[in-house]
Structure formats: structure tokens, C-alpha cells
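# Summary of structural features
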Amino acid sequence: MSTYSPQFYPGTTQPAVNRSKYINPRYTWEKLRSISDEDIVTLLGHRKPGEAYSTVHPPLEEMKEPDCPIRKLVEPTPGAKAGDRVRYVQLTDSVYLSPMAPYVRTWAVNWRYRGLDAGVLSGRNPIEGRERDVEKATKELIETEVFDPARTAVRGYTVHGHALRLDENGLMFDAVRRYAFDKEKGVVTYIKDQIGVPLDKNVEVGKPLPEEELKKRTVQFRADHIKITDDKDLLGFINRIFELRARSGFNPEEVKSL
Amino acid sequence: MSEREKLFYKALRRKFKESPEEKYTTYYTLGGWAQDPRKREYKEIADNIAKERGISFYNPSFGCSGAGLGQRVIMPYLISGTKTYGMPEDIHFVNNAAMHQVWDDVRRTVIVGLDAAHTILTKRLGKEVTPETINHYLEVLNHTLPGGAVVQEHMVEIDPRLVSDCYVKILTGDDELADRIDKKYLIDINELFPQDQAEKLKKAIGKRTYQSLHMPTIVGHLCDGATMSRWAAMQISMAMISAYRLMAGEAAVAEFAYAAKHAELIPMATLTPWRRARGPNEPGGLSFGFLADTVQTSRVKPDDPAICGLETLAVGSIIYDQYWFGSYMSGGVGFTQYASAVYTDNILDDYVYATTDYVKKKYGGFAKAKPSMEVIEDVATFSTDYSLSQYEQLPALMETHFGGSQRASVIAAASGVGAAIATGVAQIGMGAWNLSMLLHKESLGRLGFYGYDAQDQAGPANLWSWRSDEGLPVELRGVNYPNYAMNVGHSGEYAGIVAAAHVARGDAWCVNPIIKVAFADPSLKFDWVHPRQCLAKGVLREYVPAGLRDSIIPPLR
């Protein structure tokens, strides 16, 4: 019997290898900065730091659940166990070498976290789940190499900016100006939460990565960096997907001859 | 490919103060929404209206979640292929009178064959039908169709100023008959089309004769597309009764009505199902092939399939994306930004011509390549790489198409049009569109949005599906095709791919020769030869549409 070994992502160039690495749950994202739990809660804006979680049902252990084989098989996430409501974090990635991109983050979230539902748009990447599960993921998504304070942003709405030129400090445009560059400290500081509500206490998310570092860590192909056409392995994979779908879309038997 | 001047470069210089290559700029100090003259104008007018009606009204300060619109530069837009710039508001379909008419001209049109009626007249009623009687009938119908009375006394008639755009002409492939029809009632194929196209069209239409009927634009506004064939049928019947002196109400008259409503009717668009809730002659039922046949650029530029594709794309994007999806799925600001990317700033023009140059050089001309997966891969890879590279080398261009769906539509359209031109097969163009989307998504790690991307991920799987209930040739698909029915930024492009394929092959029409000829009529209100120039007139507020109510209202203050 053959065994299945996930490849995560095809390709041999650096952006492709980075994708494969970031998605692979056996790889630990490199921690580049520390943000306190309290600051994560502040940034998300769903509850005040220290405030109890709002719930939509009692803790599961207090509920009489039906006898169900699926419930026995699937361990509930901490948020589900506690009955948390469903909340979100939403991230925007600049086209200018942000370490992550919406599809890649979504694939990574799907491999690495249970109970989170990620959506993909060009300018935003909403991730929804039980509140404490979202908080845990957000902390990892911001503290590690898959986030850059200047080219990645936390934005609940009015996300416009991923494709715009950078500002004079190299920051991605944000119409709501949730964050600013602190020139003295050299760090990016959020002065509003993800939905644009001004904060009582600012949240620092660290120093922007140098351009060369971004080039090493990004998952994005670019004409001024590494183009997708430079990666023959990946191109061949895409063409094969297209051909398989086109030739055998309504007749899976056809796949055998391709 | 040799370096040539990018067609979009001038527009980028006009839009931004920095060089298009500059990656950095300043924000937040540009004057907010007040940097846009249209928004200033709207605000002033809206303030007065709010005072008059006592209810608050438009206020651009609500934009950007209260930060106010205009934290970045509000860009003017060049209408591609013209020298006309406008502000974004000028290309919202509600604000542009030419955009009203491009759809009105389609909705108000039905085509009805005359041969069945002539058979009834001659065989059943013993009447003589000659070119002279046909001319007389057309004169009467040009009276009844806009709301004039015949037969009965003391009828209520319509103010001619309200319906001055309403008329009927005929078309035929019979040169002998055409010669004897009064010129004012004839859509003259020989005069309007290049000789080779005219011969093909006449051969296809043969000796048959069709009426091209255009109901009043104002009726389309007040009623709907489904009204058109009913309106036409009643007036045709009345004109027949009057012109041929028939008994009003005799059984044979019902045959005229049946022929006009059903047997001889060619509607522009078919009925949409209940969940879309529109009758015939509404955008949801307009096939890509029919739309491609309305656009007449191929008559004047038969050797340039690229421009024919681009002009068709513009019309398709307005009708399908701005009108149809933009109203039933959105409303309000609608889908202007998604749709207008394909007909502004010469960006798609640049990508399409770059791809066309590549195709000409690689395959030795238009429609020379044998359809194959290899051609799809070759053209889509070149075109997608070229187009993506422009965005990545020119930050101003990337900022112009600030949404992923805009970039995806434009890039895939260039790939699709290019492959269609290479092979002369629209389905191959669709294949290149689909592959371009896959390449784009994997390159950037993003594409458009949820549902936008879903259509293109699933697209290759229904590319070759032609069996009933599973698919159709792309010419016969439309915005209500399964998988296309809830998605902006695709369908106008598909129509452009169809047009480019058929012009590349040297065809005189895409799907229906009768529609191609009907829309060659120079009396139509919209300019179907130069759609983008006509849209530009709308941007400048110089276009006068039909259906105005000035004659029955007090002068505007």
C-alpha cells in the first residue's frame, strides 16, 4: 500500500520553497517579535483585555450533547469547548514583498489550526473562529516571520491599500490610519484597533524588516524579484492542473490517460 | 519582443504627479474628497436638495469608514482609444448618458421576419405584395410603432418628441428587392459592409426579409425588455390591417400577431429563470455571441481583431457588469471599478496588442495556429507574464488597478483575446483565460475574491462542455450560464474573446448575421462602430440620449 506524503507546495524557487515551508505544520514559524496577550486582545477589539469572553452557548461539558460518533472523533477547540462566539482577525498583505499572501496564509491556517475558517480576497484575508482560538492564532500570525509590520496589516474594514505605493516610511497605505511609524523607536505602532476605533493605549508591533530580508522571506513572485516563469517545476504543475481540469472535468476516467 | 512605448504611459503620467516607476508617495494630505471636482459638485447640489426635502442626503465625508474618501489620490480615467479623461463618477452607468443608450438600444430592439406575414397576405388573403406595398406598410408602421393610431377613431396618441428614436427598417439578402425598397427604410448591406462581408451576410440571410424594430427608449424605461416584442407585435398587426386594408379582427390578423410574437421573432435576449426574475430582452439572457454581433467595429477595421475585441469588451463590461450584476447583485456604487478597468487608461489595449504582436510573430498571422493545449499554454503564459510584469515594474499601474479582480480580468482578457486571435476559436481563447487565472493566482498568491476566483478555478472543467444542460459553445453562453451567473469582471471579456476569434477568422458575424446587419443601422442612437468614443461623449456630458421627458415637464431650474 502506498503512503501519502504531503508536498504542501510545488516549485524550486525561493518564494515557492517559502510557501511549502510556511504551510507545513511540522515547520515552526520563526518568532521575530513579542506582542503581549493583552495587546493582541486590544488590537482585535472584540473585548477589553481581562474581560470575560462572551458566549453563545454554555460550556460543552455542561450541555447534554447527543450521542454522536463524529463528536467522539473530533476534539472541540478550546473556544468551542467554552462556548465562545465566532469572531475574526483580518489581515492585508502588500504586493511589495509582504511575507505572506492571502492564499498561502489560508492554506497554512487550514493545515495548522483547527476550527478556523479563512477566506481569500486580493486585499484581505479574513480568518474566523471561536474568539480564544482566533486570539491564539493572531498572536502567532503577528509575532512570527509570516508578518511584517510595514507590509502586513490587521484591518477589519476599509482594507484598501494592498496594491498602492508605499508611504514615505515604507508603510502600506491605510485610509483609516490605524498605525503610524514611530521614527524615534523605528517601530510601527497601532493607534486604532482593527476596526478603526482609537485605542487608549498604543500597541507596538515591531520594526519593519529590511528589504533584503523581505525578499528572502516573501511568498510572492514579482518581476523585480523572482518571476513565476523562473520556476519551471511550478509552471509545469499549474499547466498540469489546467489540463487535467480541462480534459477530464466531467469524466474523471480520462485522468488515467493523462 | 522589441520595446515599444506602453500605451498606458501617458495616462499614468496624468493620473499621478510622480513618475510611474516611483514606488513611494505621500498620503492623507491631498484634500480628501474635495480633490475630486465631481464630488465637490455633487456635495453642493446635495446640500441644497437636503434643505429642500428636509431629509439628509449625500455626504462624501462618510467614506472610508468616516475618514472621508480621498486619503489617496482620486484618479481621473482616460477612456481607452480616445483622448477623453473623466473622474470616476463619470463612468458610473447612472451618470453616463451614453451608457444608458448602449443598453437601451439593445433592450428596445426586436427583429421580426416578414415572410410569414407576406405568405398570409398572398396565399390566404389574396393580397398582392410588392416592393411598393412593403414601402407603404413601412410608412404606416413608422407611424403606429411610436404610438400613432390607425383603423379606429378617437384614439389617444403619443407625443412624438418622447418617442423620436422609435422606428422600423428592413434588411434582406435579396439585392433585387433591396434596390426597390425606399432607402430610408433599408439597412443597406452593400453600402454598410466591406464587399466580402456583405457577400457572406447576403448569402446567409438569403431571400428572406426581416424588420428591425426599435421601440421607444422611454418605453424600455417605463416597462421592460419583455414588453418590446408585445409592443412591436400589436403595432405590426395594426400597420398590416391599415396598409393592406384588412378586416380588423379577422382570424388572419391573429396570424400576424403570432408571427410577430413567436414564429418570426428574434429577441435580443432570452427569458431568465425565476430566481433572476427578468423577461426576454434583459441583460441576463443576452448571449456573448449576440452581444459581439451588435458591435460594428469589424465593419471598419476588419483586419484588426484586437480592436474589435476591445470595443466589444467595453460594451460587454457595461451591459453585463455595470448594468446587470451591478444592479441586481449590488446597487449603489455598483461594480464600476471592476468593469471599467477593461476600457480605461489604454491598459488592456496595451496588453492585447502586445499579445497580438507575439501571436502574429509566433504563428505567422491571425487564426493560423491549430487549436491545441500547447497554444493555450504558450499564449496564456506569454500574455500573463507580460501583463503581470507591467504592474510589478510600474507601481503607478498597480495602484491604478488597485483591486485584484481588476488585474485578473484585464490580464486574463489579454490572454483570452490573444489565443482567440491565434486560432480563430473562441473556446481556445476561453482556455487561455482560465489558464491565465491559474498562473496569476499562483504567482501573486491572490487573485480576485472568493466567488470571483471560484469561477476561474472551475472554469477549465466546463471549458469543453457543449452537451445540453452541461454547457454550450462560448458564443451561446451568457451571464446566466451556470457558474457565470453571480460574478462580475468576466462576461464582457468573454464577449470580447468571441468577437476577436471571429474577426481573426475573417467572419462577417459571430453568431447571427441578422443581428450583425440590424445593428449596422446608422439611425441607431448609440454609436455601435465606435463604442468607446461614444462613452467618452457621455463622460464629457456631450451625449444626448433618447427617452428624455423634457417635452412634458417644466424646464429644469
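What counts and how
- Residues numbered from 1 in each chain as written.
- Chains lettered and ligands numbered in written order.
- Predicted model: local features only at pLDDT ≥ 70, side-chain atom pairs only at ≥ 80, totals over all residues.
- Heavy atoms only, no water.
- Helix = DSSP H or I, 4+ residues; strand = E, 2+ residues; numbered from the N terminus.
- Rg over C-alpha atoms; globule rule 2.2 N^0.38 Å.
- Buried < 20%, exposed > 50% of the residue type's maximum accessible area, 1.4 Å probe, protein only.
- Contact = heavy atoms within 4.5 Å.
- Areas by Shrake-Rupley, 256 points an atom, 1.4 Å probe, with all protein chains shown as cover.
- Lys, Arg positive; Asp, Glu negative; His and termini not counted.
- Charge placed at Lys NZ, Arg CZ, Asp CG, Glu CD.
- Axes fitted to C-alpha atoms, helices over the stretch in contact; angles between N-to-C directions.
- Parallel < 35°, antiparallel > 145°, perpendicular 65-115°, else oblique.
- Buried area = accessible area lost by both parts, 1.4 Å probe.
- Salt bridge = Lys/Arg side-chain N within 4 Å of Asp/Glu carboxyl O.
- Polar contact = N/O pair within 3.5 Å; in protein donor to acceptor, adjacent residues only side chain to side chain.
- Nonpolar A, V, L, I, M, F, W, Y, C, P; charged D, E, K, R; others polar.
- Phe/Tyr/Trp six-rings, centres within 6.5 Å; stacked < 30°, edge-to-face > 60°.
- Patch = residues over 30% accessible without salt bridge, like charges linked within 9 Å, V, L, I, M, F, W, Y side chains within 5 Å.
- Pairing = 2+ DSSP bridges.
- Arc of directions from axis to C-beta.
- Core = buried A, V, L, I, M, F, W, Y, C linked by side-chain atoms within 4.5 Å.
- pLDDT = per-residue confidence, 0-100.

Here we take up the overall build of chain B. Looking only at helices and strands, one finds 24 helices and six strands in chain B. A compact globule built from 557 residues should have a C-alpha radius of gyration of about 24 Å, and chain B, at 25 Å, falls within 12% of that. For chain B, the C-alpha atoms occupy an extent of roughly 80 × 65 × 40 Å along the three principal directions. Across the 557 residues in chain B, those meeting the buried criterion constitute 63%. Sequence-distant contacts in chain B: of pairs separated by 6 or more residues, those separated by 24 or more amount to 76%. In the structure as shown, chain B presents an accessible area of about 21,500 Å², 55% of it carried by carbon and sulfur atoms. Put simply, chain B has 57 plus and 63 minus side-chain charges, and the middle of one group is 2 Å from the middle of the other.

This brings us to the packing of helix H14 (residues 305-330) of chain B against helix H24 (residues 531-539) of chain B. Residues and elements named next belong to chain B. Two numbers describe how H14 lies on H24: the axes approach to 9 Å, and their chain directions differ by 45 degrees. By the criterion of interaxial angle, the relationship of H14 to H24 is oblique. Between H14, through Ile307, Leu310, Glu311, Ala314, Val315 and Ile318, and H24, the contact on the second element is made entirely by Pro531, Arg532 and Leu535.

Time to look at the interface of chain B and chain A. At the interface, 56 residues of chain B touch 53 residues of chain A. Both faces combined, the contact of chain B with chain A buries some 4,700 Å², and carbon together with sulfur accounts for 58% of it. Ranking the residues of chain B by area buried against chain A places B:Tyr28, B:Glu442 and B:Arg446 at the top, with a combined share of 16%. Inspection of the region where chain B meets chain A yields five salt bridges. One salt bridge connects B:Asp385 with A:Lys227, and the closest N-O pair in it is separated by 3.1 Å. Counting across the interface, chain B meets chain A through 26 residue pairs in polar contact (both at pLDDT 80 or more). At the level of secondary structure, the elements contributing two or more residues to the side of chain B that touches chain A comprise helix H17 (373-393), helix H18 (395-400), helix H19 (404-423), helix H20 (426-444) and helix H21 (450-462) of chain B. For the side of chain B that touches chain A, the leading source of residues is H20(B), giving nine residues. Residue composition of the side of chain B that touches chain A, by class: 24 nonpolar, 18 polar and 14 charged.

Tallying each qualifying case throughout the model produces 27 aromatic pairs over all chains. When the ring of A:Phe173 is compared with that of B:Tyr27, the centres are 4.4 Å apart and the planes differ by 45 degrees; the resulting orientation is tilted. One end of the pair, A:Phe173, is in the loop between strand S4 (152-154) and strand S5 (179-182); the other, B:Tyr27, is in the loop between helix H1 (9-15) and helix H2 (37-53), on a second chain. No difference in accessibility class separates A:Phe173 from B:Tyr27, as the two residues are buried.

Further remarks concern a nonpolar patch on the surface. Residues and elements named next belong to chain B. Taken together, the side chains of Ile45, Ile49, Phe57 and Tyr58 make up a nonpolar region of the molecular surface, amounting to roughly 320 Å² of accessible area. Counting through the fold element by element, Ile45 comes out in helix H2. A relative accessible area of 44% places Ile45 in the partly exposed class.

Residue and element names in this part refer to chain B. Overall, antiparallel pairing links the four strands, which are arranged S4-S5-S3-S6 in an open sheet. Two strands in the sheet have a free side with no partner beyond their single neighbour: strand S4 (167-172) and strand S6 (265-267). Neighbour-to-neighbour, the strand axes of this sheet turn through a mean angle of 25 degrees, independent of strand direction. Taken together, the five bridges between strand S3 (residues 109-113) and strand S5 (residues 209-214) define a ladder with antiparallel strand orientation. The residue bridging Gly113 from the neighbouring strand is Tyr210, located in S5. Together, S3 and S6 form the strand contacts of helix H11 (residues 251-263), whose direction differs from that of S6 by roughly 35 degrees.

We now examine the sheet that holds S4(A). Residues and elements named next belong to chain A. Spatial strand order, S2-S3-S1-S4: four strands in an open sheet with antiparallel pairing. Strand pairing shows two members of the sheet lacking a second neighbour, strand S2 (117-118) and S4, which therefore form its edges. In terms of strand pairing, strand S1 (residues 86-93) meets strand S3 (residues 125-130) through six bridges, oriented antiparallel. Bridge pairing in S3 places Leu91 opposite Asn125. The strands touched by helix H6 (residues 131-143) within the sheet are S1, S3 and S4, with S3 carrying the most contacts at an inclination of about 140 degrees.

Bringing helix H8 (residues 195-205) of chain B into the picture now. Residues and elements named next belong to chain B. Among the residues making up H8, those that are buried are Gln197, Ala198, Leu201, Lys202 and Ile205. Buried residues along H8 cover an arc of 130 degrees about the axis, so they all sit on one side. Residues Gln195 and Lys203 are exposed on H8 and point more than 90 degrees away from its buried face. The secondary structure elements touched by the buried residues of H8 are S4, helix H6 (175-180), helix H7 (189-192), S5, helix H13 (297-300) and helix H23 (513-518). Gly206 lies just past H8 and shows a positive phi near 65 degrees.

Here we take up the nonpolar core. Ranked by size, the top nonpolar core spans 187 residues in total, and within it A:Val205, B:Leu286, B:Ile319, B:Leu348, B:Tyr351 and B:Trp528 carry the most contacts. With 13 residues, H14(B) is the single largest residue contributor to this core. Apart from the residues lying within four places of it in its own chain, the contact partners of B:Leu286 are B:Trp103, B:Val106, B:Met268, B:Ala269, B:Leu291, B:Ile319, B:Tyr320, B:Gly478 and B:Val479.

Turning to the confidence of the model for chain B, a few remarks are in order. Of all residues in chain B, 99% have pLDDT values of 70 or greater, and the mean over the chain is 95. If you check the scores for this complex, the pTM reads 0.96 and the ipTM reads 0.96.

Once that is clear, we can look at the pattern of salt bridges. A full pass over the atoms with the stated rule returns 56 salt bridges over all chains. Ionic pairing is found between B:Asp345 and B:Lys15, a salt bridge with its closest N-O pair at 2.6 Å. Within this pair, whereas B:Asp345 is found in the loop between helix H15 (336-340) and helix H16 (347-363), its partner B:Lys15 is found in helix H1, the two being separated by 330 residues in sequence. Members of the salt-bridge network, linked through shared partners, are A:Arg165, B:Lys17, B:Glu18, B:Arg72 and B:Glu399.

Let us now look at the side chain of B:Arg407. Residue placement: B:Arg407 occurs in helix H19. B:Glu392 provides the closest opposite charge to the buried, salt-bridge-free B:Arg407, at an N-O distance of 7.6 Å. In this structure B:Arg407 touches A:Ser122, A:His162, A:Ala163, B:Tyr391, B:Met398, B:His401, B:Phe402, B:His440, B:Leu444 and B:Arg446, once residues within four positions along its chain are discounted.

Note that B:Leu439 resides in helix H20. For B:Leu439, a relative accessible area of 3% puts it in the buried group. Residues B:Leu439 and B:Thr133, 306 residues apart in the sequence, show an inter-C-alpha distance of 61 Å. Once residues lying within four places of it in the same chain are set aside, the contact partners of B:Leu439 are A:Ile228, A:Leu235, A:Ile238, B:Ala380, B:Thr381 and B:Thr384.

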